[in-house]
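A structural walkthrough
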Amino acid sequence: MNAIALGPLLISLPRLYAVGCALLLLLCARLLLGLPQRAQQRWFLGLVLIWLVGARVGHVLLNMESYSVAPLDALKVWQPGYHGLWGMIAGLAWTLWALRTRLLAMGGAMALLVATSSLWLVLVTVSPLGSHFAVDTLPEVTLEDVEGNKMALSSLTDSGDLIIVNLWATWCPPCLREMPLLEEVDQRDGVSVVVVNQGEELLPLVRYLAEQQLEFRYALRDPSQQLLALFEAPGLPTSVLFDRQGNTLDVHVGELTRADLDRWLQD
């Protein structure tokens, strides 16, 4: 799980860890570097901006094949996609420049930056707040498709495909933004995408799919939101990747990007 709910807010765990590490860096800098307040503010604010730009550019370059299909996606900075190592390198370069006249403070700032960036990478990898999957395998749940036909989710393993189960609703803007991408993935060989509408009546679901000319092999309804409860999903959209035997591989809460899906299908 890559997000948690804090009241009505859905918080991305990597971003939560990043905020925590940034605050830790600021606290340590104030206590240890001995910089004048104005110089410290200039360095820290510039560091945050440069780190974000460097981390985003690094992620885009490392996933150039995905972004070459839709280059403007690189500008969607609210989406996931920041590479910590590239951010740290950019931050070190900024620190060298910003504190070039204060050698002792510069060395201390670089050490603190490396330590907090490394901590963020460890937290993102280990994910102590979201390290478990609520379900280990495709649940034994039977739902109806938009035509009223019953379908057991566990039967999807008969196809021998990787399986992506996406929980969505027509009132959820991030859900709607990722639907065309999910439809595109559903057309690939070796992948089955199951879009499961949560809690809505049939009419708005069918109307939306028809208006957007979206066609999925498996468009299901879950009016009682069974899967939302089984997956312990903190919000929508939530997507779960299962292997060809129906075992859970990964869970993503929030809008999927092309790079996310390409990584899922290549790993």
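Scroll up to find the structure.
Cut-offs used in this document
Residues numbered from 1 in each chain as written. Predicted model: local features only at pLDDT ≥ 70, side-chain atom pairs only at ≥ 80, totals over all residues. Heavy atoms only, no water. Buried < 20%, exposed > 50% of the residue type's maximum accessible area, 1.4 Å probe, protein only. Helix = DSSP H or I, 4+ residues; strand = E, 2+ residues; numbered from the N terminus. Pairing = 2+ DSSP bridges. Right-handed = clockwise from strand over helix to strand, strands pointing away. 1 Å grid on protein atoms, 1.4 Å probe; cavity = no way out; pocket = protein on both sides within 12 Å on 5 of 7 lines; lining within 4 Å. Points joined across faces, edges and corners; volume = space filled by probe spheres on them. Nonpolar A, V, L, I, M, F, W, Y, C, P; charged D, E, K, R; others polar. Phe/Tyr/Trp six-rings, centres within 6.5 Å; stacked < 30°, edge-to-face > 60°. Lys NZ or Arg CZ within 6 Å of the ring centre and 35° of its normal. Core = buried A, V, L, I, M, F, W, Y, C linked by side-chain atoms within 4.5 Å. Contact = heavy atoms within 4.5 Å. Salt bridge = Lys/Arg side-chain N within 4 Å of Asp/Glu carboxyl O. Axes fitted to C-alpha atoms, helices over the stretch in contact; angles between N-to-C directions.

Some details on the pairing of strand E6 (residues 191-198)
Counting buried residues along E6, eight of its eight residues qualify, which places the element largely inside the surrounding structure. Alternating residues of E6 divide into Val-191, Val-193, Val-195 and Asn-197 and Ser-192, Val-194, Val-196 and Gln-198, and every residue in both groups is buried. Strand direction decides the pairing type here: strand E5 (residues 162-168) and E6, joined by seven bridges, are parallel. Note on E6: the bridge partner recorded for Val-165 is Val-194. Taken together, E5, helix H6 (residues 173-186) and E6 form a β-α-β motif whose crossover is right-handed. With five bridges joining them, E6 and strand E7 (residues 218-222) adopt parallel strand pairing. From the neighbouring strand, Asn-197 faces E7, where its bridge partner is Arg-221.

What about empty space enclosed by the protein?
For the coordinates displayed, the defined rule picks out one cavity of 30 Å³ or more. As a volume, the largest cavity reaches approximately 40 Å³. Every residue lining the largest cavity is listed: Met-1, Phe-133, Ala-134, Val-135, Phe-231, Val-240 and Val-251. For the lining of the largest cavity, the residue count by class is seven nonpolar, no polar and no charged.

Considering the packing of aromatic side chains
Considering all chains together, one arrives at four aromatic pairs under this definition. A centroid spacing of 6.4 Å and a plane angle of 45° characterise the contact between Phe-231 and Phe-242, whose relative ring orientation is tilted. Placement of the pair is Phe-231 in the loop between helix H8 (226-230) and strand E8 (238-242) and Phe-242 in strand E8, with a sequence separation of eleven residues. Here Arg-56 stacks its cationic end above the ring of Tyr-82, 5.4 Å away from the centre of that ring. For Arg-100, the ring lying beneath its charged end belongs to Trp-97, and the centroid distance is 3.7 Å.

So, the nonpolar core
One finds Ile-164, Val-165, Met-179, Leu-209, Phe-216 and Leu-227 to be the most contacted residues of the largest nonpolar core, which totals 48 residues. With six residues, the single largest contributor to this core is E5. In this structure Ile-164 touches Val-185, Val-191, Ser-192, Val-193, Val-194, Val-240, Leu-241, Leu-261, Trp-264 and Leu-265, once residues within four positions along its chain are discounted. Core analysis: the next-biggest nonpolar cluster, separate from the first, contains 24 residues, Leu-13, Leu-25, Leu-33 and Ala-55 among them.

Points about the pattern of salt bridges
Taken as a whole and judged by the stated rule, the model has seven salt bridges. Between Arg-177 and Glu-255 there is a salt bridge, with the nearest N and O atoms lying 2.9 Å from each other. Residue Arg-177 is found in helix H6, and its partner Glu-255 is found in the loop between strand E9 (248-253) and helix H9 (258-266); the two are separated by 78 residues along the sequence. In this structure Glu-255 comes out as buried when scored by relative accessible area, which is 11%. Note that Arg-188 and Asp-262 form a salt bridge whose closest N and O atoms lie 3.1 Å from each other. Taken together, the positions of Arg-188 in the loop between H6 and E6 and Asp-262 in helix H9 put the pair 74 residues apart, joining distant regions of the chain. Among the residues examined, Arg-188 registers a relative accessible area of 30% and is labelled partly exposed.

Overview of the sheet that holds E7
Sheet architecture is open: seven strands sit in the order E4-E3-E7-E6-E5-E8-E9, paired in mixed fashion. Single-partner strands in this sheet number two, and they are strand E4 (150-152) and E9. Put simply, the sheet's adjacent strands are angled 30° from each other on average, direction ignored. Helix H7 (residues 202-211) contacts E5, E6 and E7 of the sheet and is inclined by roughly 155° relative to E7. Together, E5, E6, E8 and E9 form the strand contacts of H9, whose direction differs from that of E9 by roughly 175°.

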